[in-house]
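# Results of the structural survey
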Amino acid sequence: MKKICLALATMGVLPAAVAQSSVQVYGLMDAAMVQEGGLSKLTSGVSAGSRLGFRGTEALGQGVDAVFTLEAGLLTDTGRSDQAGQLFGRQAFVGLNGPLGMLTVGRQYNLQSQALTDVSDPFEGGMAGASTNVAGYSATRIDNTVRYSTPEFRGLSATIQYGFGEKSGAAGDQRSLGLGLGYVNGPLTLRLARQSRGGEAGRADANNTYLAANYNFGVATAFGGYGRNTGEGSSMFFADNPYGAPVAPTVSTDSRDAIVGVSVPLGAATLLASVVRKDDRNAANRDAQQLAIGATYALSKRSKIYMAYAHIRNHNGAAYMVGNATDVGTGNRAFNLGLRHAF
């Protein structure tokens, strides 16, 4: 990550206050060979979405900083924009950070998704082993949000996030409310998050609640999580019936998720494994289980190669597919071999 200081201030061209500002340019490029359903392809953003970002701060005094982040998703294999062509589709927000916490507004990650991938998933929501292939389902990012995070106090922190739907009745752009509570104490990390998406007159259509944890034992880190999903749109759904089942899949409106996993560092290598279960509580009982194994090898602090394999067992016509950090996949098993470089 490279920091670009505003050199004009040091030359006396701009006011001295500008010398308190800085902008960081950062990014990540990721590409992998993906084998799934008899198809071989080159895919971008398999372990983590490729991106180019700008992050800035300006000291305003009294310990308060103005902050912003602009992060564009990229497709390494074609050079095009990710996130359906949005220029800064990964993140775009501005705010204030100070002794009383951080307040930001714009396009931001939702709290349930962050708890699932950042805390309870050894694959961090990427590669074939991504927990998001099966568990939960709420938009990874939400537009038009206001987010407030408290300072950390004795390991405890809390976050609240409200999204202005702005287009009443549109399924993909409704009001939302996110609540999060985190605790970090040495090797232990806990996070409880709830994400609700509302409809007209404040009616809640989808609710995702998730408890995530990990514990670093030194020789290995254990991961676990449990979630409850209710309402239409609370679970992943593939309307196109990818497996050609005689009875087309139906969306689950009541389900439970569970994940257990482990990461084991062995020098420059790290071994990964996880089991994810979707327990459908609807009458159709369309359950699914995902078993995943993988490994990464650090070539340097910024570059690593990785490989992963995952297999999903679908029951009673469930249609979950093995995808990765940016792709939903095309079948119930996949193998990845890739390279990522951060800068």
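From a predicted model like this one, the values you see are computed outputs, not experimental measurements. (Residues numbered from 1 in each chain as written. Predicted model: local features only at pLDDT ≥ 70, side-chain atom pairs only at ≥ 80, totals over all residues. Heavy atoms only, no water.)

### Observations regarding the pattern of salt bridges
Our working definition: Definition used for salt bridges: Asp or Glu carboxyl oxygen within 4 Å of a side-chain nitrogen of Lys or Arg. Strands are runs of DSSP state E lasting at least two residues, helices are runs of H or I lasting at least four, and both sets are numbered from the N terminus onward. Think of it in three bands: residues with accessible area under 20% of the maximum for their type are buried, residues over 50% are exposed, and the middle band is partly exposed, with areas taken using a 1.4 Å probe on protein chains only.
Across all of its chains, the model carries eight salt bridges by this definition. We note a salt bridge from Asp143 to Arg107, for which the minimum N-O separation is 2.5 Å. Placement of the pair is Asp143 in strand 8 (residues 141-149) and Arg107 in strand 7 (residues 101-109), with a sequence separation of 36 residues. Assessed through its relative accessible area of 15%, Arg107 is described here as buried. Between Lys278 and Asp257 there is a salt bridge, with its nearest N and O atoms 2.9 Å apart. On the criterion of sequence distance, the pair formed by Lys278 in strand 15 (residues 269-280) and Asp257 in strand 14 (residues 254-266) is long-range, its members being 21 residues apart. The exposure class assigned to Lys278 is buried, which follows from its relative accessible area of 0%. Its relative accessible area of 2% is what places Asp257 among the buried residues. If you follow the salt bridges from partner to partner, you end up with Glu36, Lys41 and Asp327 in one network.

### Remarks on the environment of Ala310
Here is the rule we go by: Whether two residues are in contact is decided by their heavy atoms, any of which lying within 4.5 Å being enough.
Tracing the sequence through the fold places Ala310 in strand 17 (residues 303-314). Separated by 25 residues in sequence, Ala310 and Phe335 have C-alpha atoms that sit 6.9 Å apart. Apart from residues no more than four positions distant in its own chain, Ala310 is found in contact with Ala128, Gly129, Gln290, Leu291, Ala292, Val322, Asn332, Arg333 and Ala334.

### Quick notes on the pairing of strand 5 (residues 64-73)
Quick reminder of the rule: In short, DSSP must find at least two bridges between two strands for them to pair.
Across 10 bridges, strand 4 (residues 51-61) lies against strand 5 in antiparallel orientation. Within strand 5, the residue paired with Gly61 across the bridge is Val64. Hairpin geometry of strand 4 and strand 5 is characterised by an intervening segment of two residues between the two adjacent antiparallel strands and by a positive phi of about 60° at Gln62.

### Points about the side chain of Asn207
Here is the rule: Any pair of N or O atoms that falls within 3.5 Å is considered a polar contact. Within protein, one atom must be able to donate a hydrogen and the other to accept it, and sequence-neighbouring residues count only if both atoms are side-chain atoms.
In this fold, Asn207 is placed in strand 12 (residues 204-216). Asn207 gets classed as buried once you look at its relative accessible area, which sits at 12%. Among the polar contacts listed, one links the side chain of Asn207 to the side chain of Arg194, at a separation of 3.1 Å. Among the polar contacts made by the side chain of Asn207, one reaches the side chain of Ser196 at a distance of 2.6 Å. Setting aside residues no more than four positions away along its own chain, Asn207 makes contact with Arg194, Gln195, Ser196, Arg228, Asn229, Thr230 and Ser234.

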